[in-house]
Amino acid sequence: MSNHNSCGLCSIEMKNISVTSGEDILLDNINLTFHCGELTALIGKNGAGKSTFINLLLRFYDPNSGEILLDKIPYAEYEIGSLRNMFSLVFQDYNAYAVSVSKNVTTTYERVVKSLELSGLYKKINGMEKGLETELTREFDEAGIVLSGGETQKLALARAYYKNAEFLICDEPTSNIDPLAEHEIINNIIAASEGKTLIIISHRLSSMQNMDKILLFDYGEIVETGTHRELIELNGLYADMYKTQVSHYDLNI
């Protein structure tokens, strides 16, 4: 799974991090370290603090208390543009632009095919008459193709793979993809993260079994931490959530 020796950066460390909004506590006294090359999943119901946590990593805002260190250097000492350039992102609000497939991923052809292969979209695009030059949407080209929600999600993944940054953050990367295709996509994400640090938000716990570490958020706190097997054996909130989900698919724990 993880590869702690091939990453250029060492770690991101959060010390006593708290975030409030008025009287609401969004994050409460978070202490943890992301080690280089580690695969981490953030789990929790909506509003548990996961998105706030990611916004802090990207320095969209600063914590009310505590500090974040990148390679033992405080976040505040990094230029914001340089800091954010260390992250490849796949958020839930992605788009397909009215240009060719290749330009939707990048402005050059370098690594485009590999990025599309990792995302699971290349087979469809390669089967089109114009291949990588196929126009997306019909805004400027009546012959353009309109991708489904799941295919657009794969396109967003291809963009993130192409950027090839030190950290890859994926927010619900398989939310619009059917369960049969989900396993392949998660494996591709892990493969694309080789030597990088992966942070993935997901509600589908059955796909998180290969993570090095799972962080369960609840009301702004990290209430359980461990591997999938460790959390199942803990028989706490994570185990309850997992058993509820797998009962719908008749899966084995």
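Just so we're clear, the structure is a prediction, and the values are computed from it rather than from any experiment.

Participant: So, the overall build of the protein: which residues are in play, and what are the values?
Facilitator: In terms of helices and strands, the protein carries 9 helices and 10 strands. Across the 253 residues that make up the protein, the buried fraction comes to 49%. Long-range pairs, those at least 24 residues apart, make up 65% of the contacts in the protein between residues at least 6 apart in sequence.

Participant: Provide a residue-level description of the packing of aromatic side chains, including the pertinent values.
Facilitator: Counted according to the given criterion, the structure contains 4 aromatic pairs. An angle of 65° between the planes, with centres 5.8 Å apart, marks the rings of Phe34 and Phe53 as edge-to-face. Taken together, the positions of Phe34 in strand β2 (residues 24–35) and Phe53 in helix α1 (residues 50–57) put the pair 19 residues apart, joining distant regions of the chain. Centre to centre, the rings of Tyr238 and Tyr242 are 6.4 Å apart; their planes meet at 10°, and the pair counts as stacked. With Tyr238 and Tyr242 both in helix α9 (residues 237–246) and 4 residues apart, this pair spans about one turn of that helix. Residue Tyr242 is classed as buried on the basis of its relative accessible area of 0%. Grouping aromatic residues by their ring pairs yields a cluster made of Phe34, Phe53 and Phe217.

Participant: Account for the environment of Thr152, with residues named and values stated.
Facilitator: On the secondary structure map, Thr152 appears in helix α6 (residues 149–163). By relative accessible area, which is 11% here, Thr152 ends up buried. Residues Thr152 and Leu121, spaced 31 residues apart in sequence, show a C-alpha to C-alpha distance of 9.0 Å.

Participant: Pulling in residues and values, what's your account of the side chain of Ser88?
Facilitator: Note on placement: Ser88 falls in strand β6 (residues 87–90). The contacts of Ser88, once residues within four sequence positions are left out, are Ala160, Lys163, Asn164, Ala165, Phe167, Leu168 and Ile169.

Participant: An account of the sheet that holds strand β10 (residues 221–226) is requested, with residue identities and associated values reported.
Facilitator: Taken together, the 6 strands give an open sheet; going across it, the order is β6-β7-β8-β3-β9-β10, and neighbouring strands pair in mixed fashion. With partners counted over all chains shown, the strands left at the sheet margins are β6 and β10, one partner each. When the angles between neighbouring strand axes are averaged without regard to direction, this sheet yields 15°. For strand β7 (residues 167–171) and strand β8 (residues 197–201), the ladder comprises 5 bridges, and the chain directions are parallel. Across the sheet, residue Ile169 finds its bridge partner in β8, namely Ile199. Each of β3 (39–43), β9 (213–218) and β10 touches α9; the most contacted strand, β9, lies at about 95° to it.

Definitions and cut-offs
Residues numbered from 1 in each chain as written. Predicted model: local features only at pLDDT ≥ 70, side-chain atom pairs only at ≥ 80, totals over all residues. Heavy atoms only, no water. Helix = DSSP H or I, 4+ residues; strand = E, 2+ residues; numbered from the N terminus. Buried < 20%, exposed > 50% of the residue type's maximum accessible area, 1.4 Å probe, protein only. Contact = heavy atoms within 4.5 Å. Phe/Tyr/Trp six-rings, centres within 6.5 Å; stacked < 30°, edge-to-face > 60°. Pairing = 2+ DSSP bridges. Axes fitted to C-alpha atoms, helices over the stretch in contact; angles between N-to-C directions.

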